[in-house]
Amino acid sequence: MTTEQSPSAQPAQPAQPANTSPSMEVMRLLWPGALAVQAIHAAARLGLADLVAQGPKTAAEMAQASGTNAPSLARFLRALTSLGIFAADSVGRYHQTPRSATLQSDHPESIRRWAMMLGARFLWEPLIELEETVRTGLAGFEQVYHRRFFEYLAESPEDAALFNAAMSSLPAYLASIVEAYDFSRFERIVDVGGGHGALLRAILSANPRVRGLLMDLPGVVAGADAVRSGPVADRCEVVSGDFFETIPAGADAYLLKGVIHDWNDEAALKILKNCRHAIRPDGTLLLVETVLAESSDPASAMMDLLMMVLTGGRERTEEELRSLLHTAGFSLTRVIGTTGASILEGQPNVMG
Ligand code: SAH
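### A short note on the overall build of the chain
Right, so step 1: Along its length, the chain carries 19 helices and 10 strands.
Right, so step 2: Overall size of the chain, expressed as C-alpha extent along the three principal axes, is 70 × 65 × 40 Å.
Right, so step 3: For the chain, buried positions account for 42% of its 352 residues.
Right, so step 4: Of all intrachain contacts in the chain linking residues separated by at least 6 positions in sequence, the fraction that spans at least 24 positions is 63%.

What follows is the structure in structure tokens.
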């Protein structure tokens, strides 16, 4: 047998397992991909995993408890088991599986809130506009809702609640950020666009001498009850504001997690320059972002698509972030990888 050397301009061919073909591989991405998202979304909304948390139940029992149509729920459960979500026994009862357990509200690493958000209409409809976004470069979200993403959330309490709850979940991911960096050396950390403050709370809990300031839009910080009344309340201020206008000044640390990727370069620069203006000369800027890999990596490349469609923002490579920081008056001093994202540390340059 002879193997022909492929010309160097050809991309490398991934090794193919037996009994597969490129068309079947693509078919497997299409099918059941689209249905799987809506199935997991609906299971999360219906709270099905909570129903079997205390023990197995039949489809009829689950239909009654969830107020759903019994024959439809039975078919729905069969489809979910094909995804490893619930398992049926020989007498027709559904049991929790490790996968379905993650949809329980009180699971320590619950992804119920992410499932509720990712299949929701306000994300799903804009995704249908992906083709249009690719054609025009305009965020699909704005084509559908005629408003920017965060303007829409400010006017849509139910969807905002889904978004903020998803952002506040995944405590192990937040813990990995808290562990990966020494926050104890700071006096006061300003969490810019900090949402409901889940990360700041975790940082302050682990570093009892550090004080914090949570800053976000008025409608968002209004929901930051866990910061206002929880165990770190006496060390944490909560301030509402617009980071394009002004950012509270005089702290030695400014933290922005999942903020810069929401914006195009011009807007991202404005936020960073406002941080530069606010920060102490010896202060530290910390970005927590998914760094776009030079080679195609599904996690960051797909998040980049989501940003393109929802907010008109983008994921960036380390070099792109370095250059953005430089233009805003910061030097990138360190990049620390965590399990989910990277912490990028910047120091203010002496102002010219
Ligand atoms: N840092 C949080 C939230 C990230 S989502 C986390 O990682 O979980 C981006 C955040 O930016 C949202 O909470 C949003 O309300 C906030 N935001 C968007 N526009 C803003 C503005 N103009 N001023 C202040 N915050 C803003």
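Still more ground to cover, so stick around.
### Brief notes about the pattern of salt bridges
Right, so step 1: Using the criterion set out here, one finds 14 salt bridges in the structure.
Right, so step 2: The structure contains a network of salt bridges with shared partners spanning Arg 185, Arg 334 and Glu 345.

### Regarding the side chain of Asp 159
Right, so step 1: Tracing the chain through its elements places Asp 159 in helix 12 (residues 157-168).
Right, so step 2: What Asp 159 contacts, discounting residues up to four positions off in sequence, is Phe 122, Tyr 152 and Leu 153.

### Re the nonpolar core
Right, so step 1: Ranked by size, the top nonpolar core spans 35 residues in total, and within it Leu 48, Met 62, Leu 77, Leu 80, Phe 86, Phe 122 and Phe 149 carry the most contacts.
Right, so step 2: For Met 62, the contacting residues outside a window of four places in its chain are Leu 48, Leu 51, Val 52, Lys 57, Thr 68, Leu 73, Leu 77 and Tyr 94.

### Observations concerning the site of the ligand
Right, so step 1: Near the ligand you find 17 residues, and of these Gly 193, Asp 216, Asp 242, Phe 243 and Lys 257 are the closest.
Right, so step 2: One nitrogen or oxygen atom from the main chain of Gly 193 is found 2.8 Å from a nitrogen atom belonging to the ligand.
Right, so step 3: A distance of 2.9 Å is found between a nitrogen atom of the ligand and a backbone nitrogen or oxygen belonging to Phe 243.
Right, so step 4: For the ligand, whose accessible area on its own is 570 Å², the fraction buried by protein is 94%.

### Some thoughts on the environment of Ala 301
Right, so step 1: Tracing the chain through its elements places Ala 301 in helix 18 (residues 298-310).
Right, so step 2: Distance in space between the C-alpha atoms of Ala 301 and Val 291 is 9.6 Å, their sequence separation being 10 residues.

### A few points about the sheet that holds strand 1 (residues 57-58)
Right, so step 1: What the three strands build is an open sheet, ordered 1-3-2; its pairing is antiparallel. Only two strands of the sheet have a single neighbouring strand rather than two, namely strand 1 and strand 2 (87-88).
Right, so step 2: Of the pairings in the sheet, the one linking strand 1 to strand 3 (residues 93-95) comprises two bridges and is antiparallel in character. Among the inter-strand pairings, Lys 57 is bridged to a residue of strand 3, identified as Tyr 94.
Right, so step 3: Across the sheet, helix 5 (residues 70-81) lies against strand 2 and strand 3, angled at about 40 degrees from strand 3, the strand it touches most.

### Quick look at the side chain of Arg 112
Right, so step 1: The topology assignment puts Arg 112 in helix 7 (residues 112-118).
Right, so step 2: Ignoring sequence-local partners within four residues, the contact set of Arg 112 consists of Ala 44, Arg 45, Gly 47, Asp 50, Thr 102, Leu 103, Gln 104 and Ser 105.

### Section: unusual backbone geometry
Right, so step 1: Residue Pro 32 follows Trp 31 across a cis peptide bond; omega there is 15 degrees.
Right, so step 2: Residue position: Pro 32 is located in the loop between helix 1 (22-30) and helix 2 (33-46).
Right, so step 3: Backbone geometry places Phe 86, a non-glycine residue, at a positive phi of 70 degrees.
Right, so step 4: Exposure remark for Phe 86: the relative accessible area of 2% places this residue in the buried category.

### Comments concerning the domain arrangement of the chain
Right, so step 1: Domains assigned within the chain are domain 1 (22-108), domain 2 (115-165) and domain 3 (170-348).
Right, so step 2: Taking only C-alpha atoms into account, the centre of domain 2 sits 22 Å from that of domain 3.
Right, so step 3: With 13 residues of domain 2 at the contact, the number on the domain 3 side is 12 residues.
Right, so step 4: Interface area, domain 2 with domain 3, both sides summed: about 1100 Å², of which 76% is carbon and sulfur.
Right, so step 5: Of all residues in domain 2, the largest losses of buried area upon contact with domain 3 belong to Leu 130, Phe 150 and Asn 164, amounting jointly to 39% of the total for that side.
Right, so step 6: Inspection of the domain 2/domain 3 interface yields zero salt bridges.
Right, so step 7: Counting across the domain 2 and domain 3 interface gives two residue pairs in polar contact (both at pLDDT 80 or more).

Rules used throughout
Residues numbered from 1 in each chain as written. Predicted model: local features only at pLDDT ≥ 70, side-chain atom pairs only at ≥ 80, totals over all residues. Heavy atoms only, no water. Helix = DSSP H or I, 4+ residues; strand = E, 2+ residues; numbered from the N terminus. Buried < 20%, exposed > 50% of the residue type's maximum accessible area, 1.4 Å probe, protein only. Contact = heavy atoms within 4.5 Å. Salt bridge = Lys/Arg side-chain N within 4 Å of Asp/Glu carboxyl O. Core = buried A, V, L, I, M, F, W, Y, C linked by side-chain atoms within 4.5 Å. Near = heavy atom within 4 Å. Polar contact = N/O pair within 3.5 Å; in protein donor to acceptor, adjacent residues only side chain to side chain. Areas by Shrake-Rupley, 256 points an atom, 1.4 Å probe, with all protein chains shown as cover. Pairing = 2+ DSSP bridges. Axes fitted to C-alpha atoms, helices over the stretch in contact; angles between N-to-C directions. Domains from an automatic or database assignment. Buried area = accessible area lost by both parts, 1.4 Å probe.

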